Amino acid sequence: MRTVCDYLGGLYQLARLFVISGFRARGPYWDWRHHTAFGRGEPARRLERWGAILRYGRWMHRMRRAG
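Rules used in this analysis
- Residues numbered from 1 in each chain as written.
- Predicted model: local features only at pLDDT ≥ 70, side-chain atom pairs only at ≥ 80, totals over all residues.
- Heavy atoms only, no water.
- Axes fitted to C-alpha atoms, helices over the stretch in contact; angles between N-to-C directions.
- Helix = DSSP H or I, 4+ residues; strand = E, 2+ residues; numbered from the N terminus.
- Parallel < 35°, antiparallel > 145°, perpendicular 65-115°, else oblique.
- Contact = heavy atoms within 4.5 Å.
- Nonpolar A, V, L, I, M, F, W, Y, C, P; charged D, E, K, R; others polar.
- pLDDT = per-residue confidence, 0-100.
- Expected span 1.5 Å × (residues − 1).
- Buried < 20%, exposed > 50% of the residue type's maximum accessible area, 1.4 Å probe, protein only.
- Arc of directions from axis to C-beta.

K.L.:
Explain the packing of helix α1 (residues 4–20) against helix α3 (residues 46–66) to me, using residue names and the numbers behind them.
P.N.:
Two elements in contact, α1 and α3, have axes separated by 7 Å at closest approach and are oriented at 95°. Here α1 lies roughly perpendicular to α3, going by the angle between them. In this structure, α1 uses C5, D6, Y7, G9, G10, L11, Q13, L14, R16 and L17 to contact α3, whose residues at the interface are I53, L54, Y56, G57, R58, M60, H61, R62, R64 and R65. Among the residues forming the contact of α1 with α3, the class breakdown is nine nonpolar, five polar and six charged.

Structure follows, in structure tokens:
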């Protein structure tokens, strides 16, 4: 179930991950993450890509909450 709380939690988790990675958006972790997420081809539209990124953030939020 998608709730506002899940979206906000997902954005928080993405921001947290960005801080942990030292704000290096082109660093080794982000290169690996990009390859594993979009290894079969990046979505053509920017909106689809951001949707996938936000879904990943929501997934991180739910996993941290479940653990």
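K.L.:
So what's going on with the confidence of the model for the chain? Residues and values would help.
P.N.:
Close inspection of predicted coordinates is inappropriate in any region flagged by low pLDDT. On average, residues of the chain carry a pLDDT of 85, and 99% of them reach 70 or more. Averaged pLDDT values for the elements of the chain fall to 80 in helix α2 (residues 28–38) and rise to 91 in α1.

K.L.:
If you had to explain α1 to someone new, which residues and values would you point to?
P.N.:
Its 17 residues give α1 an end-to-end C-alpha distance of 24 Å, which sits within 8% of 24 Å, the value for a rise of 1.5 Å per residue. Regarding α1, the residues found buried are D6, G9, G10, Q13, L14 and L17. Across the axial projection of α1, the buried residues extend over an arc of 140°, all falling on one side. Facing away from the buried side of α1 by more than 90 degrees, the exposed set consists of V4, L8 and Y12. Immediately beyond the C-terminal end of α1, within one or two residues, lies G22, with a positive phi of roughly 75°.

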